[in-house]
Amino acid sequence: MPRRPAAYDDYDSAVPQIILSSSDSDFLDHLIPVLKDAAASRRTKSLMQCLDRYAGDREADIERIGLTKHEEFLDSINRLQQVRESTVALTTEILELNQSIQNSTEQLAAQKGALVNTKALRQNLADTTAALKDSLQILHAVNNSHELVRRKNYYAALKSLEDLQNEHLVPILQNRYATQHRLANVIQKSIPASQKAISEAVMSDLNTWLYRIRETSQFLGEVAFYHTEMRRLRQRKRVEDDAFLGNFKLNSSIELVCDESEEFDVLDNDELRVDFTALFEALHIHEALGHLDRFRSEYAATRRQQKDLLIPSSVGLLPEDDSSLSSLLEGIAGFAILEKATMSRVPHLRSGTDVEELWESMCTAAINLTSTALNDVTNAEVLLKIKGFMALFIQTMEGWGFSISTLDTFLLALFDKYAELLKLRFSEDFQEIVSKDDYMPMAINSVEEYEKVMNVSWFSQEQPIENLTFPCVLPFSQMYPLCCIDIRNFLNQFYFFSDDHFQHPDVIDDTLRKSLDELLTEKVCRSLVDRLSSQYLGQIVQILINLEHFETACQELEQLLIRARSSTSAGGPLKLNATEEFRNNKKSAEKRIFEIVNSKIEDLVDTAEYDWTANAVAPETSNYMQTLTRYLSTIMSSTLLSLPREIRGLIYFDALSHAAEKILALPLSSEVKFINANGVAALAKDVSYLTNFVDSLENGAMLRQNLDELQQTIALMQSDNHDEFFDISTRNKKYGRVDAMNGPLLLEKLVPVGQVPGRSAPLSNLSSRFGLA
């Protein structure tokens, strides 16, 4: 390590060393440190003074030496003169050197000052650079967060702000003397605004997502409905392969297990994909910001507003607006499915209560709109289509776990309306059929036509179809098979409502029974009974035949309804009131036939023109009797032929009984005062003619009993011994059917042929005479 030159503060000791240097280089080595140290002008003067003083001292020494040693002094003087000259020259050189050193020193001082200034500047630049670097890091973090927001990477932006705050701003703000304190303070104050901007950006994206899913709701519902319809088809196919599976409805555990192989995600498929990323991100951001409760309430309010926008002011149910209800139900289904999916994915965002409230609100609104629109519906098929929409809606939403009790209740009201419209429509059909019927036996022209009638009617033909010849005639009129067709359609229409989804099949069974009973009783039976007032016997007969077939049809319907009713309906026998109505009104029809036949008989008997006091016996049977027997023969062989044999027998029996009563009433009339034998003979001839007619009938022996009173009365009037009638034993044997009051009255009217009628004894006297009073 080089030796450091000593500092020369005392030039008195330094000057001798400089002067006594052995060489020029050594002289300079001693002089330069002194000059260097004496760079300042004040020290140069001190050096010069020292040099002068040293020179003076040397001169004094020289003078002293010269005085003592003259030669030597002179030599010294010379030498000194030389030295002086050298010294002067050297002094000049020193002065020049000093000036040069002084100039160099000034330059060096200037350079040193510049160097000091440069170092300070460099330090300032370094400090500034460090501050700028730190500030740039802060600004870069801020810009990065904004860039992340622009790239919609909101959580990263929020995390970037948090890192900026923790890593940069907090340490700077804690050091009040930090260069970046002001910048950090400004940025720290701007962080809430940045967080708000991130929150607003997230909400903007969420609102866009909410708008898109609101627009997607209907399509989502349509996809869900389609998926449910596919499940229906697969379930029907499984039921066709295995009837046991028919016991399990859609959405049952068995159906779900059977359908496991058919995986389908309504929210993510080829047709539709619902991405919940925006919702998750918004939730995550607000949760990170500590605004979860506010976000939850805002989201719920937004969904309620969207729900209100989803519900229209009205829906159309008529055929031209049939898509209105389906669109509404699809929209509600899609909305509710999204709510359920949101609740399952983010349980703490949407509670089950919130979703159920929205669901019930939408269902109530849809039901109210539909109920209002139902007032304009007059077609049952429209209601059936509405029920189809509702059933598909219910089955879809039931599969998502929603409560369907409100919708089930509405289906009951819809079914009541459906039943009412069906009953009204078929009432009009039945009335039209009954009113337009010709009440003539139905003519069949071909085998095909016959088979069609047999397929729709409850009728069993005694003869096989191979033995029938066409054209042929069936006993009932055309109204019966037409009504049977309507009855079957009515049954099918009712049970159509129970397809797919209807939780109240027992209601269908009970309503069907009551409606069918009312239709058959009020619209068919009563209409037929009202037409019994007709005077046309053929029409009354046809009504009776139709009533009998309707009674059979009702009995068949009772069995059909028992087989078709659901397991939830009450068991036991099922009775239709219409069966008893048809049965009872058959008797009314029979009675009406009796009335018409008896009325005709009365009209014919009333045309009888007996001359009760004729002078000669009538040569032939009376015209009225011939007409009467011909009438009875005709109606039995044509008009009444289609009636059952027992009914025809009853009609014959009653007609003959009535005819005998009316014929007997002829001589008993108060207008007939006297009767002679010729009059009795004419009556006897007619009665004999009637008896022969009755004997010619199939069961004439039984029917002839109706003529016993008439025959015995004529026999009594023709008897020569009238007293036999008043003998009880003889009367019971020969005239047992003769009325006890009519016999004496007729006997009282008897007068001999040709005798002029006179006053006869009072009947009271005869009665008293024979003990009949």
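Basis of the calculations
Counting restarts for each chain, with residues numbered from 1 along the sequence as it is written. Residues qualify for local features only when their pLDDT is at least 70, as the model is predicted, and side-chain atom pairs are given and counted only at 80 or more; totals for whole chains, interfaces and linings, by contrast, use all residues. To get the side-chain values, all heavy atoms of the structure are used, and hydrogens and water are removed first. UniProt positions are given in the numbering used here, feature names are shortened, and annotations may be inferred rather than shown by experiment. For our purposes a nonpolar core is just a set of buried Ala, Val, Leu, Ile, Met, Phe, Trp, Tyr and Cys residues, chained together by side-chain atoms within 4.5 Å. Note on classification: 1.4 Å probe, protein chains only; a residue is buried when its accessible area is under 20% of the maximum for its type, exposed when over 50%, partly exposed between these limits. The secondary structure listing takes helices from DSSP runs of H or I that are at least 4 residues long and strands from runs of E that are at least 2 residues long, numbered from the N terminus. Here, two residues are considered to be in contact whenever any of their heavy atoms come within 4.5 Å of each other. For salt bridges, the criterion is a side-chain nitrogen of Lys or Arg within 4 Å of an Asp or Glu carboxyl oxygen.

Under an unreviewed UniProt entry, the name given to the chain is Exocyst complex component SEC15, and the source organism is Stachybotrys chlorohalonatus. Heading Function (unreviewed entry) of the UniProt record for the chain holds this comment: "Component of the exocyst complex involved in the docking of exocytic vesicles with fusion sites on the plasma membrane." As its UniProt record puts it under Sequence similarities (unreviewed entry), the chain is described as follows: "Belongs to the SEC15 family."

> Is there a simple way to explain the nonpolar core in this structure?
The tendency in soluble globular proteins is for nonpolar side chains to be buried as a group. In terms of nonpolar packing, the biggest core is built from 179 residues, with Ile593, Val597 and Leu632 touching the most fellow members. For this core, the element with the most residues is helix 13 (residues 405-436), which contributes 13 residues. If sequence neighbours within four positions are ignored, Val597 has contacts with Leu537, Tyr631, Leu632, Ile635, Ile651 and Ala655.

> What am I meant to see in the environment of Met48 here?
For Met48, the location among the structural elements is in helix 3 (residues 41-68). The spatial distance from the C-alpha of Met48 to the C-alpha of Thr91 is 9.3 Å, given a sequence separation of 43 residues. When neighbours within four sequence positions are excluded, Met48 is seen to be in contact with Thr91 and Leu95.

> How do you make sense of helix 26 (residues 742-749) when you look at a structure like this?
The α-helix winds at 3.6 residues per turn, so residues separated by three or four positions along the chain end up facing the same way. With respect to burial, helix 26 is a largely interior element, six of its eight residues being buried. When helix 26 is considered as a whole, its buried residues turn out to be Gly743, Pro744, Leu746, Leu747, Glu748 and Lys749.

> How should the pattern of salt bridges be read in this particular structure?
Side-chain pairs of opposite charge can arise whenever the charged atoms involved come near each other. Under the counting rule described, the total for this entry stands at 21 salt bridges. Across the pair Asp293 and Arg296 runs a salt bridge whose closest N-O atoms are separated by 2.9 Å. Placement of the pair is Asp293 and Arg296 together in helix 9 (residues 292-310), with a separation of three residues, close to one helical turn. Relative accessible area serves as the criterion here: at 24%, Arg296 is assigned to the partly exposed category. Several salt bridges converge on common partners, so that one network encompasses Glu551, Glu580, Arg583 and Lys586.

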